[in-house]
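# Inside the fold
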Amino acid sequence: MSDDGNNGGITYFEKQQNIYPQRVWGRYRKLKWLAMVVLLGIYYGVPWLRWDRGPHVPDQAVLIDMPSRRAYFFFIEIWPQEVYYLTAILIFAALMLFFVTALLGRVWCGYACPQTVWTDLFIWVERIVQGDRNARMKLDKSPLSFEKIWKKGLTHSLWILIGVCTGGAWVFYFNDAPTLWEHIIHFDVPWSVSSWIVALTASTYVMAGYAREQVCTFMCPYARFQSAMFDEDTLIIGYDEKRGEPRGKHKKGDSWDGRGHCIDCMQCVNVCPVGIDIRDGLQMECIACGLCVDACNNIMDKIELPRGLIRYDTASHIEKGTQLKLAHFFRPRTFWYAALLTVLGAFVIFGLTHRSVVELHVAHDRNPLYVMMSDGDIRNGYTLKILNKTHQDRVYSLSVEGIETTKLMLQNAPDAAIETLPVFADSVGHYRLFLFAEKQKAFRSNITFIITEQQDGIVTEQETIFISGEGR
Amino acid sequence: MAVKNKKKPSQGKAGREIDKISGIETTGHEWDGLKELNNPLPRWWLWVFILTCVWAVGYWVVYPAWPTISGHTKGKYGWTQHKQLAAGQEEIREIQAAFLAMLRRTPLTDVKKDPELYAFALTGGAVAFKNHCAACHGTGADGMAHYPNLNDDDWLWGGSVDEIYRTIKYGIRSSHDETHISAMSSFGTDGILTRPEILAVTDHVRSLSGLGEDNARGAVIFQEQCSSCHGLDGKGDRAIGAPNLTDAVWLYGSSRDAVSSVIFSARNSVMPHWHGVISDDKIRQLALYVHSLGGGE
Ligand code: SF4
Ligand code: SF4
C-alpha cells in the first residue's frame, strides 16, 4: 500500500477533505448568531447566578456538589436518594428533542447542538484571522511563510483560549464559582479541577477545530436515526428541483424560458459547513443550518427572481411546489409527543414541588433478631435514618405504635432523651435504637415508628416489626 | 439519503461494475439484487485502528500479558495485582496506625468521648469478633446453649468495659495464670446429693425465676449447699462468676432436665485467653465492641 492508500487508482482510505465555509448573511445566519450568543451566555453565565437558600447551604443557583452529594437547581434540590428526578428530566429532554424534530426537523443540529455552536465559533475565529473562503484556501496551499505562521499560530492560540474558557466554565458548575475563581487565578486548584479543564480544552480544540462536521456525519447517533423520525411533513432544507432544473449559467437580460432558476453559482455549496451540495437532495450530513438558504436567497435577490429556490419546507410541499401550511404541524406524531411531554412534565413538576422535607428509614436488626433480657423482657434493635432535607437544624420526637414498650434506649447513650432526636440541617441522622417490651404472644408483631418534626409538625411514619422469640 | 462521493470515481478495477446513480464502484457482491458500494473509509478511521494496535503492543510490553509454558510474561515494570493490593493494604495500615496509637493512650471508659475514635474501635472490634469470637458466640454475638449471649444485660464476671476487657484477655478457666477461676461442684457425680435431692433443688432454683412450683426440701438443700456461692437469695456473685439464678437468662437452658443436669455434673465451661494470641489493640477493640452490643454497664 502506498503512502496515501492509493492502489492503482482505487482509494481504500479517504483523506479528510478540508471544508472552507464561506461567509454568508441572511435570516438564518442571524438566527444562528442569536442562538450562539444566547446559548454561550447561558453556559458561561449560569454558574455565577446566586440563589439564597439560607445559612450553611451553597447559594449558587445551579451547583452539582459532588463531595456532599447534593445537586441544586434554582428552587430544586436533589439528594442522592432522588436521582430518579434526573432520570425523569433526561427522559423529558429526549422527548422534547423528538417533539421538536417532528415539528421543525433538525433545528437542534443546526442551531443548538454544542458541536455546531463551538464549530461555528471556531470558523468565525478562522475567518477573522485568515480571511474568508478563498483567502483561507490560498493560505493553506501557500508555502510556509511568516504570514502563514502568524495567522495559523494566532488562529490556534485563539482556539485553545476558547477551549480553556469552555473547560473553565464547566468546573464552575461543580464548585462555588467565586471561590474557585479565586483559586484558579492563584493557580491553586485541586487535581480534579485542573484535569477537567485540560480534558475539556483538548476536546473542544479537537472537536471544534478539527473533527467538525465529521462528528455529525460519523460519530453522532442522533444523525443516524433522524430518518426514522422524518416523514414527508417534517421541515427540511430542500432544493426546489422543479423550479431550479435544468440549471445553467445565466447572463443578465437572457430569457428564463425553457430553463431552471438555478444559475449554478455554487454559493449554496460554498457556504455549507458540512460541505455538501443540497441540490443533490436531502442528505444525512445536512444539519439544517439554513445557510444555503441564505446564500441562494441573496442570489435570487440579485437576479431579481423570487426567493425560496432552496428553502426551509416540508418534502411534500417542495415536491408539489406548494407553499408551507400550518396544517402539517398537527399530526398524530406531534400530538402524541406533546401529550407525553405534558404528562411527564406534570409528574416532574408535581414531584419537585411536593417533595418531602423529611424521610424516615427503619431497619430491624437481623442478627440477633431479638434478645431476652435478665428481667424477661425482649429487646429488639433498630437502625433509624432520619433525612432532614430542610436547611435548619431540626428536632424530631419519636414514638412507637402497635406495642406496649417498657423502654426505648439509644445504643451507647442509655441516658439520652430518646424521644427527641436532633438532626442537623441538610443531613442524615443515624440512630441505633433499642426497644424493650414484655414478651409477646405472637412471634412477630407489626409496629410503626412515628417521628414528628417539632417545628412544623410534619409527621412521618415507617412500619417495621417486633420479634418476640422463645426464651432460653 | 445517499452519501455522495466527492471524488471522481476511478475506472472499475478488475472489471467491477460502476453504480449508475452514485457513480461509485461496487464491491462486486450481490445479494438478491442489492449491491454494495465500495465507498472508501475515512482516513482518520484507519489511524485510530493503527493507534489501537500500537496501544495493544505497548500494553503487552508494560503489563503481564502472554501465557508461556512456565507461567506468563512479566511485563516491563513487574506490575502485579498482588503488589497493588499489598501497597493498598500498606496505605490502610498506616492510617490505622495513627488511630491505634490514639486508642492505646485512651482509657477504655473514655473512648466513647471521641466519636471518631469510638467508631474506629467498634468497626475493628466487629471484624475481630467475627474472626475470633463468632465460632462460639455466633456472628450476632447472641451465643447459643452453653455459650453466653453477649447482647443481654446478664454478666457472669461483670459487664463494664474494663471487666469485659479482662475476661477477653485472660479467659475463663483458661490456661493463663490470671484467668477467672471458679468451679461448681458436681453434686451428682461426686455423690454429694442424691437424685431426688437434686430434683428438689432443681425445682427450687427454677422457681426463683418464676418457673414451676417451689419445693420446700429443695429450698433447705439450697441454703446448705448452694448459697455459699449463689447467695442466700440466689442472686449469684460476680466475684466468682456465680450466675444469678433469679433472672430469665439461663446459660445451659431453663428446662427441668437442663437445670438438674447442671447440678448433677456441673459444667464449668472454658473460654480461652486471647492474651498473646491476638494483639492487645484488638482485645481493646473487642472489649469496646462487646460492651456496645446493648448490655454494657
Ligand atoms: S446543506 Fe444547507 S442546511 Fe444543510 S448543512 Fe449545508 S448549508 Fe446547512
Ligand atoms: S445558490 Fe441557488 S442559484 Fe446558486 S447554485 Fe445554489 S441553488 Fe443554484
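Quick summary incoming for the structure in this document. Everything numeric in this text was worked out from a predicted model, so none of it was measured.

## Considerations on the pairing of strand β17 (residues 459-467) of chain A
Sheet topology note: the strand β16 (residues 444-453) of chain A/β17(A) ladder contains nine bridges and is antiparallel. Its bridge partner being in β17(A), I447(A) is matched across the sheet by T464(A).

## Remarks on empty space enclosed by the protein
Residues and elements named next belong to chain A. One pass over the full model with this rule turns up five cavities of 30 Å³ or more. A breakdown of the residues in the lining of the largest cavity according to their chemical character gives twelve nonpolar, one polar and no charged. Here the second largest cavity defines a volume of roughly 90 Å³. If you trace the second largest cavity, you find 14 residues lining it, with C262, C265, C268, C296 and L309 closest to the centre.

## Regarding the site of ligand 2
Residues and elements named next belong to chain A. Taken together, Y239, C262, I263, D264, C265, M266, Q267, C268, R279, C296, M300 and I310 are the residues near ligand 2. With respect to the detected pockets, ligand 2 is housed in the second largest cavity. Sorting the residues of the shell around ligand 2 by element identifies α12 (267-270) and α13 (291-302) as the ones contributing at least two each.

## Re the site of ligand 1
Residue and element names in this part refer to chain A. Every residue lining ligand 1 is accounted for by I237, C272, P273, V274, I276, I278, C286, I287, A288, C289, G290 and C292. The pocket occupied by ligand 1, as judged from atoms lying within 2 Å of grid points, is the largest cavity. Taken together, the residues of the shell around ligand 1 sort by class into eleven nonpolar, one polar and no charged.

## Describing the sheet that holds strand β5 (residues 70-73) of chain A
Residues and elements named next belong to chain A. With respect to topology, three strands assemble into an open sheet ordered β4-β5-β6, the strand pairing being antiparallel. Looking at which strands have only one partner, the edges of the open sheet turn out to be β4 (62-65) and β6 (76-78). Put simply, the sheet's adjacent strands are angled 10° from each other on average, direction ignored.

## Looking at the packing of helix α2 (residues 84-104) of chain A against helix α15 (residues 332-353) of chain A
All names here are of chain A. At a minimum axis distance of 9 Å, the contact between α2 and α15 shows a crossing angle of 155°. Here α2 lies roughly antiparallel to α15, going by the angle between them. The two elements α2 and α15 cross, and the hand of that crossing is left-handed. Here Y85, A88, I89, I91, F92, L95, M96, F98, F99, A102 and L103 of α2 lie close against α15, whose contacting residues are R333, T334, Y337, A338, L340, L341, L344, G345, V348, G351 and L352. Taken together, the residues of the contact of α2 with α15 sort by class into 18 nonpolar, three polar and one charged.

Criteria and cut-off values
- Residues numbered from 1 in each chain as written.
- Chains lettered and ligands numbered in written order.
- Predicted model: local features only at pLDDT ≥ 70, side-chain atom pairs only at ≥ 80, totals over all residues.
- Heavy atoms only, no water.
- Pairing = 2+ DSSP bridges.
- Helix = DSSP H or I, 4+ residues; strand = E, 2+ residues; numbered from the N terminus.
- 1 Å grid on protein atoms, 1.4 Å probe; cavity = no way out; pocket = protein on both sides within 12 Å on 5 of 7 lines; lining within 4 Å.
- Points joined across faces, edges and corners; volume = space filled by probe spheres on them.
- Nonpolar A, V, L, I, M, F, W, Y, C, P; charged D, E, K, R; others polar.
- Near = heavy atom within 4 Å.
- Sits in = over half its atoms within 2 Å of the grid points.
- Axes fitted to C-alpha atoms, helices over the stretch in contact; angles between N-to-C directions.
- Parallel < 35°, antiparallel > 145°, perpendicular 65-115°, else oblique.
- Left-handed = near helix turned anticlockwise from the far one by under 90°.
- Contact = heavy atoms within 4.5 Å.

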